[in-house]
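Tertiary structure, described
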Amino acid sequence: MTRPQGFPKPLGSYLTPLTRLFAENADPENAVAMKKYMRDLFEFHGIKSPERRVLTRQFLQEQGLPEIEQIEAIVKQLWQLPEREYQYFGVGLLERMRKRLQPDHAALLEYLITTKSWWDTVDGLASHSVGGLFARYPETRQRYLARWRASDNFWLRRTTLLFQLGYKGNTDVQLLFDLIAENLGSSEFFINKAIGWALREYSKTDPAAVQQFVAGTPLEPLSEREALKWMRGKGMLDG
């Protein structure tokens with residue numbers, strides 16, 4: 001479906017077909033299992049990921065992407081809906097539009113990270129939307145990182161650890177190591193897991209730097225195990 005350039009689609013007309021499509025494909029039996037897997041934190045339509053991806057493609061072929069001026073209102077509406085599939089759709093929508101996000105959208109991303117927070121939405125937001133925005137706008141990154149890295153909200157701190165996952169050779173390694181150092185001694189599973197994940201991903205770019213950092217840093221066992229997993233699997237480490 002094509003629309004004249006710059007012709008905004010009303011919010012209701014954009015989301016109504018999505019809610020109808022997801023409701024028509026709901027599976028109550030799957031919904032019970034999915035809710036249980038997510039510790040009863042969220043309601044579900046019961047649409048598993050492969051089918052949801054098909055439905056999402058179908059919806060976007062028919063409706064297209066919204067105008068960038070509407071993205072904040074649309075995603076916040078998605079976050080208000082009870083079924084978790086709508087938050088997944090919102091994360092995917094932002095990922096598709098990540099090159100069009102502007103510095104002002106950092107506040108939206110912060111809202112999404114700290115609202116209905118769990119790894120299933122936070123990690124995608126961190127590694128794609130936040131990562132892309134911070135790469136394009138260093139001043140925005142500096143301003144938000146200063147606050148997020150000192151936050152009591154561990155999902156924001158997890159985001160600071162994960163936003164560079166896709167940076168590879170462009171990773172600010174000293175920043176990564178500093179952020180990890182600031183979170184040492186945490187008893188929070190999602191922080192210690194993120195430390196290991198970030199190090200494991202960077203080890204694919206500079207294994208020697210990661211090995212040296214791990215050897216000289218008192219990481220939690222979970223973090224160390226995750227950090228060295230890729231190198232160990234490649235036979236790059238003894239034991």
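Rules used in this analysis
- Residues numbered from 1 in each chain as written.
- Predicted model: local features only at pLDDT ≥ 70, side-chain atom pairs only at ≥ 80, totals over all residues.
- Heavy atoms only, no water.
- Core = buried A, V, L, I, M, F, W, Y, C linked by side-chain atoms within 4.5 Å.
- Buried < 20%, exposed > 50% of the residue type's maximum accessible area, 1.4 Å probe, protein only.
- Helix = DSSP H or I, 4+ residues; strand = E, 2+ residues; numbered from the N terminus.
- Contact = heavy atoms within 4.5 Å.
- Axes fitted to C-alpha atoms, helices over the stretch in contact; angles between N-to-C directions.
- Parallel < 35°, antiparallel > 145°, perpendicular 65-115°, else oblique.
- Nonpolar A, V, L, I, M, F, W, Y, C, P; charged D, E, K, R; others polar.
- Phe/Tyr/Trp six-rings, centres within 6.5 Å; stacked < 30°, edge-to-face > 60°.
- Lys NZ or Arg CZ within 6 Å of the ring centre and 35° of its normal.
- Polar contact = N/O pair within 3.5 Å; in protein donor to acceptor, adjacent residues only side chain to side chain.

**Side note on the nonpolar core**
In terms of nonpolar packing, the biggest core is built from 72 residues, with L94 and L199 touching the most fellow members. It is helix α11 (residues 189–203) that contributes the most residues to this core, 7 residues altogether. Aside from chain neighbours lying at most four places away, what touches L199 is F177, I180, V210, F213, V214, L219 and A227.

**With respect to helix α6 (residues 105–113)**
Where burial is concerned, most of α6 is hidden: 7 out of the 9 residues are buried. Restricting attention to buried positions, one finds in α6 the residues H105, A106, L108, L109, E110, L112 and I113. Of the surrounding elements, those touching the buried residues of α6 are α4 (71–80), α5 (84–96), α7 (119–136), α8 (138–148) and α9 (154–162).

**Side note on the environment of L93**
Along the chain, L93 falls in helix α5. Taking C-alpha positions, L93 is 7.9 Å from L65, a pair spaced 28 residues apart along the chain.

**Section: the side chain of T121**
Tracing the backbone shows T121 in helix α7. A relative accessible area of 0% means that T121 is categorised as buried. Residues in contact with T121, not counting those within four places in the same chain, are W79, R84, Q87, Y88, V91 and K116.

**Describing the packing of α9 against α11**
The interhelical angle for the contact between α9 and α11, taken along N-to-C directions, is 5°, at an axis separation of 9 Å. Here α9 is positioned roughly parallel relative to α11, judged by the angle of their axes. Two secondary-structure elements touch here, α9 through F154, W155, R157, R158, L161 and L162 and α11 through F190, I191, K193, A194, I195, W197 and A198. Among the residues forming the contact of α9 with α11, the class breakdown is 10 nonpolar, no polar and 3 charged.

**A closer look at the packing of aromatic side chains**
In this structure the tally under the stated criterion is 15 aromatic pairs. Centre to centre, the rings of F59 and F89 are 5.4 Å apart; their planes meet at 85°, and the pair counts as edge-to-face. Of this pair, F59 sits in helix α3 (residues 49–63) while F89 sits in helix α5; the two residues are 30 residues apart in sequence, bridging distant segments of the chain. Among the residues examined, F89 registers a relative accessible area of 4% and is labelled buried. Ring centres 5.6 Å apart and planes at 40° place the aromatic pair F134 and W148 in the tilted group. Here F134, found in helix α7, pairs with W148, found in helix α8; they are 14 residues apart in sequence, far enough to count as distant. The same class applies to F134 and to W148, which are both buried. Each member of the aromatic cluster is reached from another via a ring pair, and the members are W118, F154, W155, F189 and F190. In this structure, K76 packs its charged tip against the face of Y111, placed 4.9 Å from the ring centre.

**A word on α9**
Within α9, 8 of the 9 residues are buried, which leaves it mostly tucked inside the rest of the structure. Contact partners of the buried residues in α9: α6, α7, α8, α10 (173–182) and α11. With a side-chain oxygen lying 2.9 Å from the backbone nitrogen of W155, the N-terminal cap of α9 falls on N153.

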